[in-house]
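Structural overview
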Amino acid sequence: MKRIIITFTVLMTLAVIFGVQSFAADSNAVSSAKKHYSFGVQQKKAGNADEARRQLEKSISYYDSLYQVHYVYGDLLAGMGEKERAIEAFERALELKPDYYNAAARLAALHYEAKDYEATLDNYALMYKLNPENSKLLASMANIREFLGDNDGAYADLRNLIENGEDTYENLMRAARFAFEKEDFSSAHMYSLLALKKKTDDIKALEVAGKTGLLMEDREKAIPHFRRLAELQPENLEIVITAEDIYRALSDRENLIWALKRHHKIDPENVEVLGELCESFFPEGLTEEGITYVEKGLRLAPGDGRFHILMGENYRALGQQDKALSEFKLALNDDRWKANAQRLIWQIEKPETEEEKTEREFFNRGKNN
């Protein structure tokens, strides 16, 4: 029993001795590493790159777990053009100190330069995690995600960016575009309206606001933007026609007249547009302006019964029944408007009864005999 106790005691003593020696050796290694690290930094500042490298490599050979050494070594290698080895050094520094922002930043720059965008994105994500106040990182992350085809991720980064106060026109319009592509028309509409607050009368933002309003089946939301587009682009027939369609659907006669007048100015030979414009003036009586358009219609299409009817109604409102009757009779020659013209004629000249017709035919036969 005594022998067992003695043996155990000897072993424990040896363990302590070797532990102390090991600790002393580690302590000496760290001390030597720090000494050569200090020499390396001095040489690097003095511009002696080769000697600085030798000292830093010596430091690492003594002790490999000082993150500062690997960071400075990576910085030196990058300056010497050895980018791949610099990446390895920065990665080691980050491995030793996972929250080392500067190492992540240097890695992001080197990976981006090497066109390794997935690795760049990983470093940006770590940098943002470590410093969420640097919201501009989200813009860079969104750019890379979009380049890599991750539009959902790019859209999420942009939303986060905007919520963090980076609501520039460019960010808002990019978010609107992503939302539109996802068919999130409500968000796209919202972002386009916010963009319009940054750039009033911006054509792209107005187009998104107008289109999304229509896609949400909300003409009231859409029409102000199409109206403004038509004012800013007076020769854009497509926009004017869209505004026409909306005003027509909303039964907004006053603004429909506005849109039809613009359409007529762009396409003055279009008889159908001119005819609808003239009709739109009619419910409250043809104004002097309305008569001008009817006269244009008669010059452009003298056989169109609609223009003769409208002119006839104008004469009848002025009490000029003969002139009105003459216009209605001319409209009889247009099959499209013949029935309407006949009805209006009968309002001035009552139709013959059968008895009157028979009597007229009898007297006409007598005259012929």
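Notes on the structure in this doc start here. (Residues numbered from 1 in each chain as written. Predicted model: local features only at pLDDT ≥ 70, side-chain atom pairs only at ≥ 80, totals over all residues. Heavy atoms only, no water.)

Points about the packing of aromatic side chains
We count it as follows: Pairs were defined over the aromatic rings of Phe, Tyr and Trp, the Trp ring being its six-membered one, requiring ring centres within 6.5 Å. Orientation was assigned from the angle between planes: stacked under 30 degrees, edge-to-face over 60, tilted for the rest. For every residue, the accessible area obtained with a 1.4 Å probe (protein chains only) is divided by the maximum for its type, and the residue is called buried under 20%, exposed over 50%, and partly exposed between those limits. Helix and strand labels come from DSSP, where a helix needs a run of H or I of at least four residues and a strand needs a run of E of at least two; each type is numbered from the N terminus. Distance and angle both matter: a charge sits over a ring if NZ of Lys or CZ of Arg is within 6 Å of the ring centre and within 35 degrees of the ring normal.
The final tally for this structure, using the stated rule, is eight aromatic pairs. Geometrically, the ring pair formed by F180 and F185 is edge-to-face, given 5.4 Å between the ring centres and 65 degrees between the ring planes. What makes F185 buried here is its relative accessible area of 18%. Taking 5.9 Å as the distance between ring centres and 20 degrees as the angle between the ring planes, the aromatic pair formed by F281 and Y293 counts as stacked. Taken together, the positions of F281 in helix α15 (residues 271–281) and Y293 in helix α16 (residues 288–300) put the pair 12 residues apart, joining distant regions of the chain. In this structure Y293 comes out as buried when scored by relative accessible area, which is 12%. Through successive ring pairs, a cluster of aromatic residues spans Y67, Y71, F90 and Y100. Just above the ring of Y169 sits the side chain of K199; from NZ or CZ to the centre is 4.3 Å.

Considering the environment of A103
The condition is simple: A contact between two residues is defined here by any heavy atoms of the two lying within 4.5 Å.
Mapping A103 onto the fold places it in helix α5 (residues 101–113). Taking the C-alpha atoms as reference points, A103 and R92, 11 residues apart in sequence, are found 9.2 Å from one another. In this structure, A103 is in contact with Y71, F90, A93 and L94, ignoring residues within four places of it in sequence.

Let's talk about helix α12 (residues 219–232)
Formally: By this rule the span expected of a helix is its residue count minus one, scaled by 1.5 Å. Think of a polar contact as two N or O atoms within 3.5 Å of one another; within protein, one of them needs to be a possible hydrogen donor and the other a possible acceptor, and neighboring residues in sequence only count if both atoms come from side chains.
Here α12 is 14 residues long and its end C-alpha atoms lie 20 Å apart, about the 20 Å a rise of 1.5 Å per residue gives. Taken residue by residue, α12 has A222, I223, H225, F226, R227, L229 and A230 as its buried positions. Tucked into the core, α12 has its buried residues touching α10 (185–198), α11 (203–215), α13 (237–249) and α14 (253–266). One side-chain oxygen at the N-terminal end of α12 lies 3.3 Å from the backbone nitrogen of E220; it belongs to D218.

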